[in-house]
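Per-entry structural report
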Amino acid sequence: MAKSFNPSSRTQTALVLLLCFVSLFSLPQTKALWLNLPSSGTKCVSQEIQTHVVVLADYYVVAENIKGHPLPTISAKVTSPYGNNLHNNENVTQGQFAFTTTESGNYVACFWMSTKSLTGSSISLDWKTGISAKDWDSVAKQEKIEGVELELSKLDGAVKAIHQNLIYLKNRESEMREVSEATNGRVAWLSIMSLGVCVSVSVLQLWYLRRYFQKKKII
């Protein structure tokens, strides 16, 4: 007796597995940054972010296991593209900042040593944006989803984030094109004006030389 075959069931299972597999690569991957702070001076990191994006970051001084010596303290400052102060923390060994962006552009986080140190120090910075900063454990508990449904929710969030990023890039490209066209127009007018000035000066020089030679009765 031949075994029954249900192609629709296998197709659905394969589709779900494919979506889960793709979601692992579609979600933004976040890694902690290791920053070596000099004994004097400031080290900054920046990221270009569009508006209405959640940003979450944790930072802490990396312990060097030196007995009898306290951890060096650092200071941190985060500014928006227009120079607004979003986070300011001084004389700490660890900290956290979280905000939702209201401006498009480069958000800069700067760190420097608060205490004097001959060798400087190192800090670990875990910077998350967008879907990576979302607490999926809380979402799963609130919406009572798990397994494949949770992975599909993550995939849906990743697709929306990619779509918003494409719209942002399209708008930036349009703005840059307008600026480029305006700049080209100004350069063209400047070239025409420069050419006109050169021609006018040449004509005036010829007219002056002709009058000069006529006065001297050379011509």
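Described in the following lines is the structure provided in the data block. Small disclaimer: the values here were computed from a predicted structure and weren't measured. (Residues numbered from 1 in each chain as written. Predicted model: local features only at pLDDT ≥ 70, side-chain atom pairs only at ≥ 80, totals over all residues. Heavy atoms only, no water.)

A few points about the sheet that holds strand β1 (residues 33-37)
Within the open sheet, the 4 strands sit side by side as β1-β8-β3-β6. Their pairing is antiparallel. Every other strand in the sheet has two partners, leaving β1 and β6 (94-100) as the edge strands with one partner each. When the angles between neighbouring strand axes are averaged without regard to direction, this sheet yields 20°. One ladder, built from 7 bridges, connects strand β3 (residues 54-61) with strand β8 (residues 121-129); its direction is antiparallel. When the bridges of β8 are listed, Val-55 appears paired with Thr-129. (Pairing = 2+ DSSP bridges. Helix = DSSP H or I, 4+ residues; strand = E, 2+ residues; numbered from the N terminus. Axes fitted to C-alpha atoms, helices over the stretch in contact; angles between N-to-C directions.)

Overview of the environment of Gln-47
Counting through the fold element by element, Gln-47 comes out in strand β2 (residues 42-49). The partly exposed category is assigned to Gln-47, whose relative accessible area is 28%. Here the alpha-carbon distance between Gln-47 and Gly-105, two residues 58 residues apart in the chain, equals 8.0 Å. Other than its neighbours up to four places away in sequence, Gln-47 contacts Gly-105, Asn-106, Tyr-107, Trp-127 and Thr-129. (Buried < 20%, exposed > 50% of the residue type's maximum accessible area, 1.4 Å probe, protein only. Contact = heavy atoms within 4.5 Å.)

Some remarks on the packing of aromatic side chains
One pass over the full model with this rule turns up 6 aromatic pairs. Among the aromatic side chains, those forming a connected cluster through ring pairs are Tyr-59, Phe-97, Phe-99, Tyr-107, Phe-111 and Trp-127. (Phe/Tyr/Trp six-rings, centres within 6.5 Å; stacked < 30°, edge-to-face > 60°.)

Description of the pattern of salt bridges
By the definition in use, this model includes 2 salt bridges. Glu-48 is paired through a salt bridge with Arg-172; the nearest N and O atoms lie 2.4 Å apart. Of this pair, Glu-48 sits in strand β2 while Arg-172 is found in helix α3 (residues 148-215), placing the two residues 124 residues apart along the sequence. For Glu-48, a relative accessible area of 42% corresponds to the partly exposed category. As a salt-bridge pair, Arg-177 and Glu-173 come within 2.8 Å of each other at their nearest N and O atoms. Taken together, the residues Arg-177 and Glu-173, both in helix α3 and 4 residues apart, mark about one turn of the helix. On the accessibility criterion, Arg-177 (38% relative accessible area) is partly exposed. (Salt bridge = Lys/Arg side-chain N within 4 Å of Asp/Glu carboxyl O.)

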